[in-house]
Amino acid sequence: MTDTAPATAARMPSVGRLLAAQISYQARLLASGRAITIGVGLPVILLIASHSSQTHTDAADIAGYAAFGLTMTAWNTYGVRLVAAREAGVLKRWRATPLPHWCYFLGRILATVGVAVLAGAATVAAGVLLYGSHLSVSGTLAALVALMLGALAWAATATALTAAIPTIEAAAPTFMLTYFPVIIISSTLGGISEPHWLSTIASYLPAQPLVHALSSSLGHTPGHALLPGRDLVVLAAWSIAGLAAAVATFRWEPHRPTQQRPARALYQPKPDDQSPPSSTMISVGPERLSPRHAATGRVGMPSR
Amino acid sequence: MTAIVVDRLTKCFGDFAAVDGVSFEVPDGQVVAVLGPNGAGKTTTLEMLEGFLAPTSGTVRVLGTDPHRGDRRWRARIGLVLQSTSLDAELTVRETLDVFAGLYPTPRPVGEILELVDLVDDAEARVGALSGGQRRRVDVAIGIIGRPEVLFLDEPTTGLDPEARRRAWTAVENLTATGTTVVLTTHYIDEADHLANRLVLLTAGQIVADTTPEVLRAQGGPATIRYRLGGGAPLADLPLTLAGYLEHDNHELLIRAEDITAPLRDLLGWAHLHDLDLAGLEVGPPSLEDAYLAAIGQRPIPEGTPS
């Protein structure tokens, strides 16, 4: 060996450094795509368009559009990109590196949470700047907590869902179909008339609690909770359940296409097989082998 | 030292044995090409060596470790280039290499790697904007950036144009000069001939040959005499021993024989007698491709025979 040995003796990079580098790398990947433009830009455009003749808006409206931008990033963009990376072999490539598997996994989710919070915060900032909405320091901090927990809930659940999506072609439809109904019944983009039972279901899904928690933070008034406990519990439950399901079912490798292959005799292991090499086996001449192999004249042992 | 030990390795998918009792060892510093037709079990074997797949039975040890249980310190000693390019497209080549270099305890400097794979001029280009050949070289760069002791290359030049293939070969040759053990799979016989000092031929999940290119070539078939005949060649006087080898409307003599001494003597005598120009005469061993095709046509046991 020449200059290939040092890895055995040298110190491995610290896990903290690896995680920080991975979060930075994944955030740059996410932020450099066109999808982040949609996650940040579209909610702001919709907020302005829906209030074109008004000079004021309420906290619930801003919270709804902010949640829309956040979920677009943490669900659709993140989920589709994760399936694409898996099917392209990117995840498999990373899995073969010295980066701890959980480090890649966590780095990707935390980077998504960061970018999604940024998308939600951009809409809140637009609401404050354009419509003069009041935002206290405590309300800002509470809104950040709601955004972070909401982003984690959506990203964790999206990670779990990727295991059920076999191809990149199926990714976008699957994430859209599981996204828009939830967004609509949760009144994220404005109230709709819906039966009580549907509203009850929506209160257990991650969109409505996010909007509600964000709305409470942004429009906080004395005497009311900054962050409703029930909403936080629902979002935390989705985060934990999503992460647990993701850890249990996550796929690193692309789905292999199912092929009809000709039947071949199944190998029967023979632990005590000491049979001589097959006469059809071409073996190397001993002059080309290392001393270890020269005695037998073969470097490989034929199976039969 | 033995970098890789494979003993009676078997991998079944359902009742299909993709790899069927394969055994071989690879000493440190050797370059081994695993050859075989599609479905022979090359990639499955490689994926068990890389730790992606667990064997159904048998054992694998790479640098003394079961690859399926290899920890991050073990993975830092392994490099691999997967069958298909697998890179995030958004960042530049340099940014990508910087990120991967940070994973290893003693990575090669990024500038050195860029030179090694001939990507200095493309260092600031986005990976997604590169050609297929350039992206493949980024793959190779990532595979070797951690100074691997063992490098796995799964069809590293498939889809590349001839010039890109040559550049990739040079990158691998530069690496093997440092003592790295290399296992590569390829469909290109000339690639195996150029890079490897040992060939392992798989067919239907079993090894049918484990040898050097020279030995395989010598064992694979007869030697060849090829001679293009000019328009005025006196074919009427051609010795009877050669007349049966005329090809292409009597424009070429193509003789394949285990022992070419007699036909070559007859040909030289005939040419001398008629003062013929022998500048185009080719005498050579069988081609490695012919030898390879002959070898994979053989099986250790007939298909379906009970073991």
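For clarity, every value in this text was computed on a predicted model and none was experimentally measured.

1. Quick look at the overall build of chain A
And step 1. Check the secondary structure of chain A and you find 13 helices and 1 strand.
And step 2. Reading chain A from its N end, one meets helices and strands in the order α-α-α-α-α-α-α-α-α-α-α-α-β-α.
And step 3. Split into buried and exposed, the 304 residues of chain A put 44% on the buried side.

2. Side note on the environment of Thr241 of chain B
All names here are of chain B.
And step 1. Secondary-structure assignment places Thr241 in helix α9 (residues 240-243).
And step 2. Here Thr241 falls in the partly exposed class, since 14 other C-beta atoms lie within 10 Å of it.
And step 3. The spatial distance from the C-alpha of Thr241 to the C-alpha of Ala262 is 8.7 Å, given a sequence separation of 21 residues.
And step 4. If near-sequence neighbours (up to four positions away) are discounted, Thr241 is found in contact with Ala262, Pro263 and Asp266.

3. Side note on the sheet that holds strand β10 (residues 223-228) of chain B
All names here are of chain B.
And step 1. Read across the open sheet, the 4 strands follow the order β11-β12-β10-β13; overall the sheet is antiparallel. Two strands in the sheet have a free side with no partner beyond their single neighbour: β11 (246-247) and β13 (282-284).
And step 2. Two elements, β10 and strand β12 (residues 252-257), share 6 bridges in a ladder whose sense is antiparallel. Considered in β12, the bridge of Arg228 is made with Glu252.
And step 3. Strand contacts of helix α10 (residues 261-273): β10, β12 and β13, with the helix running at about 20 degrees to β10, the strand carrying the most contacts.

4. Some points on the domain arrangement of chain B
And step 1. Taken domain by domain, chain B holds domain 1 (2-77 + 148-218) and domain 2 (222-285).
And step 2. Taken over C-alpha atoms, the centre of domain 1 of chain B sits 41 Å from the centre of domain 2 of chain B.

5. Structural notes on the nonpolar core
And step 1. In this structure, Ala74, Ala151, Ala155 and Leu214 of chain A together with Ala141, Val183 and Leu201 of chain B are the most contacted members of the largest nonpolar core, which totals 150 residues.
And step 2. No other element matches the 16 residues that helix α4 (residues 59-87) of chain A contributes to this core.
And step 3. If near-sequence neighbours (up to four positions away) are discounted, Ala151 of chain A is found in contact with Leu70, Ala74, Thr112, Val113, Ala116 and Val117 of chain A.

6. Some words on the packing of α4 of chain A against helix α7 (residues 137-162) of chain A
When two helices pack together, their arrangement is captured by the angle between the axes and the distance separating the axes.
Residue and element names in this part refer to chain A.
And step 1. Contact pair α4 / α7: the axes reach a minimum separation of 9 Å and the direction vectors enclose 30 degrees. The angle between α4 and α7 falls in the class roughly parallel. Two packed elements cross with a definite hand, and for α4 against α7 that hand is right-handed. Of the residues in α7, those in contact with Ala67, Leu70, Thr71, Ala74, Trp75, Tyr78, Gly79, Leu82, Val83 and Arg86 of α4 are Leu147, Gly150, Ala151, Trp154, Ala155, Ala158, Thr159, Leu161 and Thr162.

7. Re the packing of helix α6 (residues 101-131) of chain A against α7 of chain A
Residues and elements named next belong to chain A.
And step 1. Direction vectors running N to C along α6 and α7 enclose 135 degrees, while the axes themselves pass 9 Å from each other. Here α6 is positioned oblique relative to α7, judged by the angle of their axes. Crossing handedness for the pair α6 and α7: right-handed. Side by side, α6 and α7 meet where Ile109, Thr112, Val113, Ala116, Val117, Gly120, Ala121 and Val124 of the first sit next to Ala143, Leu147, Met148, Ala151, Leu152, Ala155, Ala156 and Thr159 of the second.
And step 2. Looking at the contact of α6 with α7, its residues break down into 13 nonpolar, 3 polar and no charged.

8. Observations regarding the confidence of the model for chain B
All names here are of chain B.
And step 1. Looking at chain B as a whole, its pLDDT mean stands at 87, while 96% of the residues score no less than 70.
And step 2. Summarising per-element confidence for chain B, the mean pLDDT is lowest in helix α11 (residues 288-296) (79) and highest in strand β4 (residues 57-62) (96).
And step 3. Taken together, the stretch residues 299-307 has pLDDT below 50 and engages in 15 contacts with residues farther than four places along the chain or on a different chain.
And step 4. Scored by ipTM, the complex comes to 0.76, with pTM at 0.77.

Definitions and cut-offs
Residues numbered from 1 in each chain as written. Chains lettered and ligands numbered in written order. Predicted model: local features only at pLDDT ≥ 70, side-chain atom pairs only at ≥ 80, totals over all residues. Helix = DSSP H or I, 4+ residues; strand = E, 2+ residues; numbered from the N terminus. Buried ≥ 20, exposed ≤ 12 C-beta atoms within 10 Å, placed from the backbone. Contact = placed C-beta atoms within 7 Å. Pairing = 2+ DSSP bridges. Axes fitted to C-alpha atoms, helices over the stretch in contact; angles between N-to-C directions. Domains from an automatic or database assignment. Core = buried A, V, L, I, M, F, W, Y, C linked by C-beta atoms within 7 Å. Parallel < 35°, antiparallel > 145°, perpendicular 65-115°, else oblique. Left-handed = near helix turned anticlockwise from the far one by under 90°. Nonpolar A, V, L, I, M, F, W, Y, C, P; charged D, E, K, R; others polar. pLDDT = per-residue confidence, 0-100.

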